[in-house]
Amino acid sequence: MSLLEVEDLEVYYETEEGPAQAVDGVSFTLEEGENLGIVGESGCGKTTLAKSIIGILPDAGYVNNGEIRFQGDDLTQMTDRQRRRLKWEEISMIAQSAMNSLDPVYTIREQIVEAIETHRPGTGRVESTEIVTEMFELVGLDPDRADDYPHQFSGGMRQRAMIAMSLALEPSLILADEPTTALDVIMQDQILKRISQIQDEIRSSMLVITHDVSVVAETCDRVLVMYAGKVAEEGPVEEIFNKPYHPYTIGLKRAFPNIRQPDQDLLSIEGYPPELIDPPTGCRFAERCPMATDRCREEEPEAHQMNELRTYCHYAEDIDTELRPYADSAETWSETEAAQKAQQAGGD
Ligand SMILES: Nc1ncnc2c1ncn2[C@@H]1O[C@H](COP(=O)(O)OP(=O)(O)OP(=O)(O)O)[C@@H](O)[C@H]1O
């Protein structure tokens, strides 16, 4: 049994114009001790997916269909009480902004001790205080500052305190939603290394949600690429970065600096993801894909198994056999250059 099995999950938001299909038919599994990165541009449903797992969707959000099985039990069928019991102890979340997750009226120590005492009622005050000290040291904070209020901490310290709190109960699953975006690059690196070390010690699994491909390369075993609420491609991190098949993954990869090829031109994928209230039929990426055909605009792609990758593109096999040089070229992704080239070709 996998630690987490998400099957055909649909999470919608009620809006005045109708339901926004933020997560639409997403399936994946996460094994014990494994780290899975969820990547994709802003608005593709990453945070919604995490919130539905930990059970903190806003009022407008609801699970329309599908299952989220954690250690075999379907979270979508649990009562609020059952889910509250799992929170922090079994599943914890490092949120995008620590300021929104820490309570401003309690000291950091009070908040961590409260979480420990709620979930482990037998724990005495001395023991919980020891855990706080230990967690502060682990994340590189001075334990003497545990009696400060969140506003007395800098942004980076708050993020560390949030991480200390998320790890204090040694959860089986950590959901890290852009855990380091608010921090500078050096701090980001330190914190990511720290999380990985702690995670190795307590043997938990992690879902790392980010738009930053380099964060995933550093921390994850596997990657799920999401586009407009759907899975575009999924598989081992090495394969996703070295030989992806989905044009969206190829474009996304080229939009970030590559440590191995620092001189490579960065490209930006022209256009924006589609509206999720009335999403297009066919492949959701078709409108921005330089290789799209009428079939892509009409027919939704099924999963293709390409080596160890699960790729939702009609032309995954053609990418492998003939289209890869075209898909890999920065020119392909530049509308103006491609248009100029087409024009030149027409004029010859
Ligand atoms: N409370 C809400 N009500 C209505 N629509 C929402 C709500 N929250 C999110 N959405 C919509 O759901 C879609 C997915 O949003 P989500 O925040 O999950 O994406 P994301 O990939 O995590 O983006 P980001 O990286 O910016 O956080 C977006 O189109 C967003 O506008």
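Worth saying up front: this structure is predicted, and the values here are computed from it rather than measured.

A.B. asks: Lay out the domain arrangement of the protein with the relevant residues and their values.
C.D. replies: Looking at the assigned domains, one finds that the protein contains domain 1 (2-224) and domain 2 (244-346). Taken together, the contact pairs twelve residues of domain 1 with seven residues of domain 2. Going through the elements one at a time, strand S2 (20-30) and helix H8 (213-219) are the ones with two or more residues in the side of domain 1 that touches domain 2. Ranked by residues supplied to the side of domain 1 that touches domain 2, first place goes to S2 with three residues. For the side of domain 1 that touches domain 2, the class distribution of residues is five nonpolar, five polar and two charged.

A.B. asks: Help me get a handle on unusual backbone geometry, residues and values and all.
C.D. replies: Backbone geometry at Gln 71 places phi at a positive 50 degrees, although glycine is not the residue there. Following the sequence through the fold, Gln 71 ends up in the loop between strand S4 (61-70) and strand S5 (73-74). One non-glycine residue, Arg 203, lies in positive phi territory at about 55 degrees.

A.B. asks: Give a description of the confidence of the model for the protein that names residues and reports values.
C.D. replies: For the protein, per-residue confidence averages 88 on the pLDDT scale, and 92% of positions sit at 70 or higher. Interface confidence in the predicted complex, given as ipTM, is 0.96; pTM for the same model is 0.88.

A.B. asks: Let's hear about the site of the ligand: which residues, and what values?
C.D. replies: In the region of the ligand, 17 residues are neighbours, and Tyr 13, Ala 22, Ser 42, Thr 47 and Thr 48 sit closest. At the level of secondary structure, the elements contributing two or more residues to the shell around the ligand comprise S2 and helix H1 (46-54). Ranked by the residues each element gives to the shell around the ligand, the list is headed by H1, at three residues. Residues of the shell around the ligand, tallied by class, amount to seven nonpolar, nine polar and one charged.

A.B. asks: Quick one: what's the story with the nonpolar core, residue by residue and with numbers?
C.D. replies: By size, the foremost hydrophobic cluster in this structure holds 91 residues, and its most contacted members are Ile 112, Ala 164, Leu 175 and Leu 207. Among the elements that make up this core, the one with the highest residue count is helix H6 (residues 155-167) (seven residues). Domain assignment of the residues forming this core places at least three in each of domain 1 (2-224) and domain 2 (244-346). With residues up to four places along the chain from it excluded, the contact list for Leu 175 reads Ala 50, Ile 53, Ile 54, Ile 91, Met 93 and Leu 207.

Rules used throughout
- Residues numbered from 1 in each chain as written.
- Predicted model: local features only at pLDDT ≥ 70, side-chain atom pairs only at ≥ 80, totals over all residues.
- Domains from an automatic or database assignment.
- Contact = placed C-beta atoms within 7 Å.
- Helix = DSSP H or I, 4+ residues; strand = E, 2+ residues; numbered from the N terminus.
- Nonpolar A, V, L, I, M, F, W, Y, C, P; charged D, E, K, R; others polar.
- pLDDT = per-residue confidence, 0-100.
- Near = placed C-beta within 6 Å.
- Core = buried A, V, L, I, M, F, W, Y, C linked by C-beta atoms within 7 Å.
- Buried ≥ 20, exposed ≤ 12 C-beta atoms within 10 Å, placed from the backbone.

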